[in-house]
Amino acid sequence: MSVLVYADNSEGKFKKSALEVVSYGKALANQLNTDLTVITINATEPEQLQKYGANKILFVKDDSFIFNAKIYAGIITEAAFTSNTNIIIIDSSTNGKYLAPLLAAKFNAGYVSNVVSAPSNLTPFTVKRKTFSNKAFSNTVITADSKVIGLAKNAFEVKEDPTTAEVEEFSPVLLSTSVKSESIEKASGKIAIADADIVVSGGRGLKGPENFKMIEELADVLGAATACSKPVSDMGWRPHGEHVGQTGKPVAANLYIAIAISGAIQHLAGVNASKTKVVINTDPEAPFFKAADYGIVGDAFEVVPQLIEKLKAFKVENA
Ligand SMILES: Cc1cc2nc3c(=O)[nH]c(=O)nc-3n(C[C@H](O)[C@H](O)[C@H](O)COP(=O)(O)OP(=O)(O)OC[C@H]3O[C@@H](n4cnc5c(N)ncnc54)[C@H](O)[C@@H]3O)c2cc1C
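Parameters at a glance
Residues numbered from 1 in each chain as written. Predicted model: local features only at pLDDT ≥ 70, side-chain atom pairs only at ≥ 80, totals over all residues. Near = placed C-beta within 6 Å. Helix = DSSP H or I, 4+ residues; strand = E, 2+ residues; numbered from the N terminus. Nonpolar A, V, L, I, M, F, W, Y, C, P; charged D, E, K, R; others polar. Domains from an automatic or database assignment. Contact = placed C-beta atoms within 7 Å. Buried ≥ 20, exposed ≤ 12 C-beta atoms within 10 Å, placed from the backbone. Pairing = 2+ DSSP bridges. Axes fitted to C-alpha atoms, helices over the stretch in contact; angles between N-to-C directions. Parallel < 35°, antiparallel > 145°, perpendicular 65-115°, else oblique. Left-handed = near helix turned anticlockwise from the far one by under 90°. Expected span 1.5 Å × (residues − 1).

So, on to the site of the ligand. Among the 26 residues in the neighbourhood of the ligand, the closest are listed as G203, G205, S229, K230 and G245. Those elements giving two or more residues to the shell around the ligand turn out to be helix 5 (230-234), helix 6 (265-271), strand 15 (276-281) and helix 8 (300-317). Split into classes, the residues belonging to the shell around the ligand amount to nine nonpolar, 13 polar and four charged.

With that out of the way, let us pick up the domain arrangement of the protein. Domain annotation of the protein identifies domain 1 (3-169) and domain 2 (193-317). Averaged C-alpha coordinates put domain 1 and domain 2 at centres separated by 31 Å. Taken together, the contacts link nine residues of domain 1 with eleven residues of domain 2.

Attention now moves to unusual backbone geometry. Put simply, T123 and P124 share a cis peptide bond, and its omega is -5 degrees. Although it is not a glycine, N114 sits at a positive phi angle of roughly 60 degrees. By the secondary structure assignment, N114 is in strand 7 (residues 110-115). Even without a glycine there, the phi angle at K207 is positive, about 75 degrees. Note that K207 resides in the loop between strand 12 (198-202) and helix 4 (213-222). Looking at K207, the number of C-beta atoms within 10 Å reads 12, which means it is exposed.

Turning our eyes to something else, we now look at the pairing of strand 7. Along strand 7, five of the six residues are buried, which leaves the element largely enclosed by surrounding structure. In terms of strand pairing, strand 7 meets strand 10 (residues 147-151) through four bridges, oriented parallel. By the bridge assignment, V112 is partnered in strand 10 with I149.

This next bit is on the environment of K56. Among the structural elements, K56 can be located in strand 5 (residues 56-60). Setting aside chain neighbours within four positions, we find K56 in contact with D35, T37, A165, E166 and E168.

With that settled, the discussion passes to the pairing of strand 6 (residues 87-91). Across the five residues of strand 6, five count as buried, placing the element largely inside the fold. What you see with strand 6 is no split at all: I87, I89 and D91 on one side and I88 and I90 on the other are buried throughout. Bridging between strand 1 (residues 3-6) and strand 6 involves three bridges; their strand directions are parallel. If you follow V3 over to strand 6, its bridge partner there is I87. In this structure, strand 6 lies alongside strand 10, joined through five bridges in parallel fashion. Its bridge partner being in strand 10, I90 is matched across the sheet by G150.

For the rest of this paragraph, the subject is the environment of D220. Structurally, D220 is set in helix 4. A tally of 14 C-beta atoms within 10 Å means that D220 is categorised as partly exposed.

Where helix 4 meets helix 8, the closest approach of the two axes is 10 Å, and the angle between their N-to-C directions is 20 degrees. Here helix 4 lies roughly parallel to helix 8, going by the angle between them. With respect to the hand of their crossing, helix 4 and helix 8 are arranged in left-handed fashion. Taking contact as the criterion, the partners of M214, E217, L218, V221 and L222 in helix 4 are, on helix 8, V304, P305, L307, I308, L311 and K312. Taken together, the residues of the contact of helix 4 with helix 8 sort by class into nine nonpolar, no polar and two charged.

Moving on, we get to helix 2 (residues 69-82). Taking 1.5 Å of rise per residue, the 14 residues of helix 2 would be expected to cover 20 Å, and the 20 Å separating its terminal C-alpha atoms lies within 8% of that figure. Among the 14 residues in helix 2, ten count as buried, and that is most of the element. Along helix 2, the residues that are buried comprise I71, Y72, A73, G74, I75, I76, T77, E78, A79 and A80. On its buried face, helix 2 is in contact with strand 1, strand 4 (36-41), strand 5, strand 6 and helix 3 (94-107). Two residues or fewer past helix 2, N84 is found with a positive phi of approximately 50 degrees.

Viewed as axis vectors pointing N to C, helix 2 and helix 3 meet at an angle of 50 degrees, and their least axial separation amounts to 9 Å. With respect to helix 3, the axis of helix 2 lies oblique. Between helix 2 and helix 3 the crossing geometry is right-handed. Of helix 3, the residues touching helix 2 (which contributes A69, K70, Y72, A73, I76, T77 and A80) are Y98, L99, L102, L103, K106 and F107.

Moving on to the sheet that holds strand 13 (residues 225-228). Strand order in the open sheet formed by five strands is 13-12-14-15-16, and the pairing between neighbours is parallel. The strands lining the two open edges of the sheet, one partner per strand, are strand 13 and strand 16 (294-297). Strand-to-strand twist of the sheet, defined as the mean angle between neighbouring strand axes without regard to direction, takes the value 15 degrees. Bridge analysis of strand 12 against strand 14 (residues 255-259) gives five bridges, and the strand direction is parallel.

Shown next as structure tokens:
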């Protein structure tokens with residue numbers, strides 16, 4: 001009986017969250033003294049996953065597949081039955097959050113989301129998860145024989161553990177579904193907040209919508225998504241889709257840069273799952289400084305343009 005991980009990719013490339021779930025799967029497989037099987041769909045280099053401990057890699061290659069949760073859940077369930085597994089691990093990307101409940105229903109499994117560490121106990125199977133807008137942890141027991149684990153982003157380190165894996169093409173017997181994605185047209189060329197590695201976010205301290213040009217420019221240089229605090233979107237300075245926090249979108253980026261944002265508890269609740277938080281604020285008493293890893297006490301209108309120039313120069317030097 002092996003552990004099965006679904007490794008998602010973006011345009012064929014594995015994201016960090018995919019490597020995190022594979023590393024988690026390997027740790028769990030070691031704990032259970034079993035093998036790790038990974039399934040991936042339309043990744044360009046599926047064999048890369050052997051670097052992170054996969055013993056078997058099942059890859060589906062069919063360019064006509066466009067992400068559709070029902071179809072993908074069907075494929076992953078079929079892979080679970082083929083590989084005789086009773087534990088499926090999945091990331092917490094937007095796709096992962098669509099997939100996990102469908103998988104749990106198909107697999108008749110107990111599903112726990114937002115998991116942050118390997119099981120503390122195997123009998124009963126107990127995992128630690130984040131809860132209450134990431135302000136608390138809960139030790140949760142999965143009593144069902146089959147289990148679906150949704151791993152929180154940035155919760156488990158990517159760890160190399162090279163193996164020689166069996167790499168096998170997997171041809172699922174696709175069941176017909178009531179819904180099929182024919183094509184995807186992205187709303188804009190922008191990076192989505194939920195899946196971004198870096199997020200640059202602006203607050204009310206920027207004083208007006210015209211000043212968000214520098215937020216966009218910084219985001220451009222860093223290849224980041226742009227975001228904002230609630231009042232900024234309430235006042236119509238930025239679209240509502242950019243509002244992050246307890247009542248907005250959650251952010252679990254590798255780097256979250258908060259510019260002229262005070263760090264109210266409702267804002268922090270939505271961004272504190274990010275790995276490294278940087279704050280730029282004129283007020284040294286702003287609450288965000290307590291939550292941040294790095295802080296600059298300074299005027300955004302002076303600091304941000306300098307940061308952009310330095311980053312541009314760094315990119316030219318290191319091109
Ligand atoms: C039920 C409820 C839910 C909420 N949900 C959310 C949510 O999901 N997300 C959210 O963001 N908020 C939420 N809020 C609002 C939240 O309480 C704060 O009011 C809000 O986050 C403040 O936004 P801000 O930090 O951009 O603005 P402000 O509180 O006005 O802070 C602006 C900051 O900019 C700094 N500043 C000013 N000028 C400069 C400058 N030139 N350079 C650098 N820094 C400067 C100031 O020192 C200050 O710290 C919620 C509130 C409630 C009651």
